[in-house]
Amino acid sequence: MRKQPGRGDSSSPRASAHGRGPAVAGDRPPQDLRLVGPAVAAWGTAAAALSAGAAATPWLLGFAVAAVLSAAALLFIGHRAPSRALARTPRRAFRLRASPLRASPLRASPLCAFARPLAGLLLSAGAAAVATTLATADLHRGPIPGLAAKRAVADVELTVATDPREAGGGSAARGYVLLQATVDRVAVEAGAGAGSGAGAGAGDKAGAGRRGGWVATRTPVTVLAEGQVARPWLGLLPSTRLRAEARLGAADGGGDTAAVLFTRGPPRIVEGPSFAQRVAGALRAGLRRACDPLDPDPRALLPGLVDGDTDRMPPDLQQAFLTTDLVHITSVSGSNLSVLMVLLLGAAARSRTPERGGVAARLGLPLRVTALLGVGCTIGFVVLCRPDPSVLRAAATGLIMLLALATGRRAAPLAALAGATLLLMLLDPWLARSYGFALSALVTAGLLTLGPRWAAALTRRGWPPHLAEAVACAAAAQALCGPLLVLKAAQISLVAIPCNLLAEMAVAPATLLGFAALAAAPVSMGAATLLARLGSVPTAWIAGLARWAAEIPGAEIGWPGGWVGALLLAAATCAVVACLPVLRYRFVAVALALVLVAVLLRPAPLTRLVTGWPPPHWRVVACDVGQGDALVLSPGTDAGTALVIDTGPDPRAVDSCLRTLGITRIPLLLLTHEHADHVEGLPGVLHGRAVGAIETTTDTDPQGETARVRRWAAAAGVPLVRAVPGERRSLGELRWQVLWPDGPLGPDTPGPNNASVSLLVTAPGLRMAFLGDLEPPAQSRLLEHLSAFPGLRHLDVLKVAHHGSAKQDADLIRALAPRLALISVGLGNSYGHPARSTLDLLRSVGSTVLRTDTDGEIAVTDEGGRLATATNPR
């Protein structure tokens, strides 16, 4: 699995202006665009070929041959055209002209002008088609695909390709460990061919020999280690060779692995990792130990700044970085390499002058020796930080720049970026589908093209040079990467540019101190810890900035997703840039600033005035929190007070819903049961609100979520109470009683869902029931006690149990016969909720059905005793 994509990579552009301020456009030589077209052609061809799949292999090879032949024809025509023009030139003219070839009018003709560039595009596309065909061949040849199709068990020898990572539960003992590897050999049955056959053996060589021996292959796979044996897999380093017995399964189509290997056994090491990987692993582990005494945020963030190790990043901090578009800080990229190169070489703009700085100049090293040291530093950087897409892009670009430095050629960063992209697409076509690589390349291109122009424009308008450069670089990066980010998540961060500006000042010192701690750890852990403590100061600033900015109500806004949304954002960005000159008028600038502040802060009265949400006199709101439940009930006496039932799975979603409703005080928060889709949003409810108590069910399963709820409640100082059968409470005009559980749960009502606290709530003119995730066993028991709850018959509002799943007691639904049925469910969820049978059942009893996946947030209003509804679509 590849790490989260980075943004804001800059191998050299930021350093190129270091010490001089932004250069105006006239101070810079023209950009070398010759390799841009071939790089884009190779990138597009590789992406299209990977999407086409194995069935398109003959077509790809045919396209490659046609591209090469067409390129050869174009080169021939381009070469012959000037010669024929020369042959037609009179001899006298030939004698009078010093260079008839240069003076030929056909030299500037369209045929001659475009023949070579077009040939270059065709050759690049053809080479990418061949490279992609070769790269995907390993996914389909050898015995592994056939074994995966049969879900066979086999002994395999693997070479670990990536660092293992925990997934599925935060603990390897409860979840599983994932890693990428390459199968070197697989044991097959006697008589089986190279493409099929498997058996379950003991794994030793003798046993393998009896079953037919080992078949050599080279197939990329994903390894998934499950259960108690998962933890030993976490200690593996890339390049380790091992043997394991695993059950093979088919991988998802379109991926870069041929199969998934499921194993419940420990790894049996055949050969340890390489020396370079052992050194890199020791350095990474040393930095982690040096960061252990730090506060939680710097302890998690500092290793991410240095070597991309984000294993200890808490989910809420990760989400804050995503919201503020600061995630590139923890995705090691060109900015990290730039810091090291500036330390070694000094400012790139002065690298060939006597005033060049850096450690190498202080030591008196010549340019070629300095470039060689830079190459070694770059290779070590890739090994230490792992060859992730953004790291590879930064390293390849840096190596080309170092080559130019060593050979005395003029540095051309854009040509280096395009050349690096072209080479990487041919060496690893899978990068064509990597968001990390695309973001890295686009942001660097923005810094090299738009950044200097915008900085020069700001400088001409009186901005301080360094501030103009910083603002221009941040804006250029956001302008180019924004459409691509919309493809990944249909959101736009409104705080990205200021957050990147404020974080940038802390990135370099934190990175340098982190690298110093990493280098000192093998020598003196005390010195490494001291350096890590110093590095924690700027790191804490970055983390605090991300958390603070992410809490701004309008930090992120929704935007159409997919390619339509990306194109729309690109068009909107161009329109904004075109309209920037109007900011010279002060009243326009002030008005736009006020509008931006209003959008960011989103005060509830203003939001209600603009959007009409929430509607007046609302009684119940079903928040749109995805696949989960979060319901808010108004007491009708205090607009800022509410009873909240469940929190959904996303803290940000429920926090946004409560903020929009203007809720600041929650006397009681009821968690019907402790499944993640009902309790994981608890931190969002607790954030900035006075919560009187948290009430939960009597069942403590699942224990992991129960423990998390206790920790969150204890940290907020909120008491936990258990629901009591028949319990009655009130809040303002609301009255409610606990319908279920009616006592200790027995074997006839198993599982946490059947332990859901269910309520009958009444308000003037309304009777409502909230059934949590009750399933048929508990629903039928509740039906038996229906006579004890006369208010349950012919309800006004029913929160349908278990997100409208098919697990419903039809007799209970008929007895309740609600006028309005609310279903809280996530759009496109994998469970198939709500079930068609449940929807048909509700409609058969005359219920109007509203659901959060299609209707968005749903409000039930009480207008003079008349039931009404309103929706707030996403």
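Calculation rules
Residues numbered from 1 in each chain as written. Predicted model: local features only at pLDDT ≥ 70, side-chain atom pairs only at ≥ 80, totals over all residues. Heavy atoms only, no water. Pairing = 2+ DSSP bridges. Helix = DSSP H or I, 4+ residues; strand = E, 2+ residues; numbered from the N terminus. Axes fitted to C-alpha atoms, helices over the stretch in contact; angles between N-to-C directions. Contact = heavy atoms within 4.5 Å. Disulfide = S-S within 2.5 Å. Buried < 20%, exposed > 50% of the residue type's maximum accessible area, 1.4 Å probe, protein only. Phe/Tyr/Trp six-rings, centres within 6.5 Å; stacked < 30°, edge-to-face > 60°. Parallel < 35°, antiparallel > 145°, perpendicular 65-115°, else oblique. Nonpolar A, V, L, I, M, F, W, Y, C, P; charged D, E, K, R; others polar. Core = buried A, V, L, I, M, F, W, Y, C linked by side-chain atoms within 4.5 Å. pLDDT = per-residue confidence, 0-100. Expected span 1.5 Å × (residues − 1). Arc of directions from axis to C-beta. Patch = residues over 30% accessible without salt bridge, like charges linked within 9 Å, V, L, I, M, F, W, Y side chains within 5 Å. Areas by Shrake-Rupley, 256 points an atom, 1.4 Å probe, with all protein chains shown as cover. Salt bridge = Lys/Arg side-chain N within 4 Å of Asp/Glu carboxyl O.

A. Region of the structure containing the sheet that holds strand β18 (residues 758-763). Strand order across the open sheet formed by seven strands is β16-β17-β18-β19-β20-β21-β22, with mixed pairing between neighbours. Each edge of the open sheet carries a strand with a single partner, namely β16 (728-731) and β22 (848-851). Along the sheet, successive strands turn relative to each other by an average axial angle of 20 degrees, direction set aside. As judged from the five bridges shared by β18 and strand β19 (residues 766-770), these two strands associate in the antiparallel manner. In the strand pairing of β19, valine 761 is matched with methionine 768. Packed on one face of the sheet, helix α31 (residues 836-844) meets β21 (820-823) and β22 and runs near 140 degrees to β22.

B. View of the state of the cysteines. As enumerated under the stated definition, the model contains one disulfide in all. Disulfide partner of cysteine 623: cysteine 657, at an S-S distance of 2.0 Å. Judged by the torsion about the S-S bond (-70 degrees), the cysteine 623/cysteine 657 disulfide is left-handed. In this pair, cysteine 623 is assigned in the loop between β10 (618-622) and β11 (631-633) and cysteine 657 in helix α25 (residues 651-661), connecting sequence segments 34 residues apart. For the pair cysteine 623 and cysteine 657, one class covers both residues: buried.

C. Molecular detail of the packing of aromatic side chains. Tallied over the full model, the rule gives two aromatic pairs. Their ring planes at 45 degrees and their centres at 6.5 Å tell us that tyrosine 585 and phenylalanine 587 sit as a pair that is tilted.

D. Representation of the side chain of glutamine 779 in the model. Note on placement: glutamine 779 falls in helix α29 (residues 776-784). Judged by relative accessible area, glutamine 779 falls into the buried class, the value being 1%. Those residues in contact with glutamine 779 that lie beyond four places of it in its chain are Leu774, Ala801, Lys807, Gln808, Asp809 and Leu812.

E. Quick look at the pairing of strand β14 (residues 690-696). Where burial is concerned, most of β14 is hidden: five out of the seven residues are buried. Note that strand β13 (residues 665-671) and β14 share six bridges and pair parallel. Bridge pairing links leucine 669 to isoleucine 694 in β14. With three bridges connecting them, β14 and strand β15 (residues 720-722) associate as parallel partners.

F. Expanded view of the packing of helix α11 (residues 296-307) against helix α21 (residues 525-550). With their axes 8 Å apart at the nearest point, α11 and α21 run at an angle of 100 degrees to one another. Taken together, the axes of α11 and α21 lie roughly perpendicular to each other. On α21, the residues that touch Asp297, Pro298, Leu301, Leu302 and Leu305 of α11 are Ala532, Gly535, Ser536, Thr539, Ala540, Ile542, Ala543 and Arg547. Among the residues forming the contact of α11 with α21, the class breakdown is eight nonpolar, three polar and two charged.

G. The arrangement of the nonpolar core in detail. Core analysis: the largest hydrophobic core is formed by 53 residues, its most contacted members being Phe321, Ile329 and Ile542. Elements with a minimum of two residues in this core: α10 (275-291), α11, α12 (315-323), α13 (334-345), α15 (367-385), α16 (389-407), α20 (496-520) and α21. For this core, the leading source of residues is α20, giving nine residues. Not counting chain neighbours up to four residues away, the residues in contact with phenylalanine 321 comprise Leu301, Met313, Leu326, Val327, Ile329, Thr330, Ile542, Ala543 and Ala546.

H. Representation of the confidence of the model for the protein within the structure. Residues at a pLDDT of 70 or more form 86% of the protein, whose mean pLDDT is 83. The low-confidence segment residues 169-174, where pLDDT is below 50, has twelve contacts with residues more than four positions distant or belonging to other chains. Note that residues 190-211 has pLDDT below 50 and, in this model, 47 contacts with residues that lie over four places away or in other chains.

I. Spatial organisation of unusual backbone geometry. The step from tryptophan 613 to proline 614 runs through a cis peptide bond, and the omega angle for that step is 0 degrees. With respect to the helices and strands, proline 614 occurs in the loop between α24 (604-611) and β10. Following histidine 833, the chain continues into proline 834 via a peptide bond in cis, with omega recorded as -5 degrees. Among the secondary structure elements, proline 834 is positioned in the loop between β21 and α31. In this model, histidine 802 sits at a positive phi of 55 degrees, which is unusual for a non-glycine residue.

J. Region of the structure containing helix α28 (residues 703-716). The terminal C-alpha atoms of α28 lie 20 Å apart, and with 14 residues this matches the ideal 20 Å at 1.5 Å per residue to within 8%. Here α28 has its buried residues at Glu705, Thr706, Val709 and Ala713. For α28, the angular spread of buried residues about the axis comes to 105 degrees, placing them on one side. Set apart from the buried face of α28 by more than 90 degrees, the exposed residues are Gln703, Arg711, Ala714 and Ala715. Considering only its buried residues, α28 is in contact with β13, α26 (676-679), α27 (682-686), β14 and β15. Directly beyond the C-terminal end of α28, a positive phi value near 70 degrees is found at glycine 717.

K. Region of interest: the sheet that holds β14. Ordered by their spatial adjacency, eight strands build an open sheet running β15-β14-β13-β12-β11-β10-β23-β24, and the pairing between neighbours is mixed. Every other strand in the sheet has two partners, leaving β15 and β24 (866-872) as the edge strands with one partner each. Here the strands of the sheet are splayed against their neighbours by 20 degrees on average, with no regard to which way each runs. Here strand β23 (residues 857-863) runs beside β24; their pairing, made up of seven bridges, is antiparallel. Along β24, the bridge assignment pairs isoleucine 858 with threonine 871. Those strands touched by α28 are β13, β14 and β15, and its axis lies near 135 degrees from that of β15.

L. Quick peek at the packing of α11 against α20. One can describe the packing of α11 onto α20 by two numbers: an axis separation of 9 Å at closest approach and a directional angle of 90 degrees. For the element pair α11 / α20, the angle class is roughly perpendicular. From α11, Leu302, Leu305, Val306 and Asp307 reach across to α20, where they touch Ala510, Thr511, Gly514, Phe515 and Leu518. Here the residues of the contact of α11 with α20 are counted per class, giving six nonpolar, two polar and one charged.

M. A nonpolar patch on the surface, seen in detail. Together, Val576, Val577, Leu580, Val582, Leu583, Tyr585, Phe587 and Leu592 make up a nonpolar patch on the protein surface, roughly 740 Å² of accessible area in all. Those elements that place two or more of their residues in the nonpolar patch are α22 (562-579) and α23 (586-601). Its location among the elements puts valine 577 in helix α22. Residue valine 577 is classed as partly exposed on the basis of its relative accessible area of 32%.

N. Representation of the pattern of salt bridges within the structure. Per the stated rule, a full pass over the model turns up 28 salt bridges. A salt bridge links aspartate 629 to lysine 799; the shortest N-O distance between them is 2.6 Å. Of this pair, aspartate 629 sits in the loop between β10 and β11 while lysine 799 sits in strand β20 (residues 797-799), and the two are 170 residues apart along the sequence. Of the two residues, aspartate 629 and lysine 799, both sit in the buried class. With a closest N to O distance of 3.0 Å, arginine 708 and glutamate 680 form a salt bridge. With arginine 708 in helix α28 and glutamate 680 in the loop between α26 and α27, this pair connects stretches of sequence that are 28 residues apart. A residue is classified by how much of its surface remains accessible, and arginine 708, at 27% relative accessible area, is partly exposed.

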